[in-house]
Amino acid sequence: MTTPAAQPPRDRALGRGISTLIPQAATASPAEQAAAVLTAMRTVPVRVGVLQAAVVLLEERVRATGDEAERAAAATTVAMLRSAIGQAG
C-alpha cells in the first residue's frame, strides 16, 4: 500500500492574505490602499464579470467625486480594468 507524498510546508506569508499588503496606517488614503491592492493582484486570475462590475462602479465614482486625486485614481483603474477585460476576451 502506498501513501501520498507529504505536502511541503506552506510559507506562512501566503496564509495571511492580501490585507497584509494594503497600507493600514491612518495616513494611507483610499487611493493609496487601492493602488496597493491592484499591485498585489496583478497576477491573480479574476472572472471577467467581476472586472466589468468594478468598471461600472468606478465610472460612477469618476462622475460623482469632486476630489481630483480620487477621480484620477478611479479613471486610471478603469483603464487598467478595461485593458484586462480586452486581454481576456
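In case you missed it, the structure is sitting above this.
Every chain is numbered on its own, with residues counted from 1 as its sequence reads. For a predicted model such as this one, the threshold for reporting local features is a pLDDT of at least 70, and the threshold for listing and counting side-chain atom pairs is 80 or more; totals across whole chains, interfaces and linings nevertheless cover every residue. Here the side-chain values reflect all heavy atoms present in the structure, with hydrogen atoms and water set aside.

Undergrad: I'd like to hear about a nonpolar patch on the surface, residue by residue, with values.
TA: A residue counts toward a patch only above 30% relative accessible area and without a salt bridge, and it is joined to like-charged neighbours within 9 Å or, for Val, Leu, Ile, Met, Phe, Trp and Tyr, to nonpolar neighbours within 5 Å. Per-residue and other accessible areas were derived by the Shrake-Rupley procedure at a 1.4 Å probe size, with only the shown protein chains allowed to occlude residues. Here a salt bridge means any side-chain nitrogen of Lys or Arg lying within 4 Å of a carboxyl oxygen belonging to Asp or Glu. Taken together, the side chains of Met 41, Val 44, Val 46 and Val 50 define a hydrophobic patch exposed on the protein surface, amounting to about 290 Å² of accessible area. We count a stretch as a helix when DSSP gives it H or I for four or more residues in a row; a strand needs E for two or more, and each element gets its number in order from the N terminus. Of note, Val 50 is situated in helix H3 (residues 48–64).

Undergrad: Can you lay out the pattern of salt bridges for me, pointing to particular residues and giving the numbers?
TA: Side-chain pairs of opposite charge can arise whenever the charged atoms involved come near each other. Scanning the entire structure with this criterion turns up four salt bridges. Notably, a salt bridge pairs Glu 60 with Arg 63, separated by 3.2 Å at the nearest N-O pair. With a gap of three residues between them, Glu 60 and Arg 63 both fall in helix H3, about one helical turn apart. For Glu 60, a relative accessible area of 42% translates into the label partly exposed. Among the residues examined, Arg 63 registers a relative accessible area of 58% and is labelled exposed. The salt bridge involving Glu 70 is made with Arg 61; its shortest N-O contact spans 2.6 Å. For each residue, the accessible area found with a 1.4 Å probe, counting protein chains only, is set against the maximum for its type, and the residue is called buried under 20%, exposed over 50%, and partly exposed in between. Overall, the relative accessible area of 38% leaves Arg 61 in the partly exposed class.

Undergrad: Hey, could you go over helix H4 (residues 68–88) for me, with residue numbers and the actual values?
TA: By definition here, a helix of n residues has an expected span of 1.5 Å times n minus one. An ideal rise of 1.5 Å per residue puts 30 Å on 21 residues; H4 measures up with 30 Å between its terminal C-alpha atoms. By the burial criterion, the buried members of H4 are Ala 74, Thr 77, Val 78, Leu 81 and Ile 85. On an axial view of H4, the arc spanned by its buried residues comes to 110°, and they lie on one face. Of the exposed residues in H4, those oriented more than 90 degrees away from the buried face are Glu 68, Ala 69, Gly 86 and Gln 87. Those residues of H4 that are buried lie in contact with helix H2 (30–41) and H3. Polar contact is the term for a pair of N or O atoms within 3.5 Å; when the atoms are in protein, one must be able to donate a hydrogen and the other to accept it, and sequence-neighboring residues count only if both atoms are side-chain atoms. Where H4 begins, the capping side chain belongs to Asp 67, and its oxygen is found 2.8 Å from the backbone nitrogen of Ala 69. Directions are taken from the helix axis to each C-beta atom, and the arc is the one they span. Contacts: residue pairs with any heavy atoms within 4.5 Å of one another.

Undergrad: So, the side chain of Thr 65: which residues are in play, and what are the values?
TA: Summarising the element assignment, Thr 65 is placed in the loop between H3 and H4. Overall, Thr 65 belongs to the buried group, its relative accessible area being 6%. Within the local environment of Thr 65, its side chain forms a polar contact with the side chain of Glu 70, the two groups lying 3.0 Å apart.

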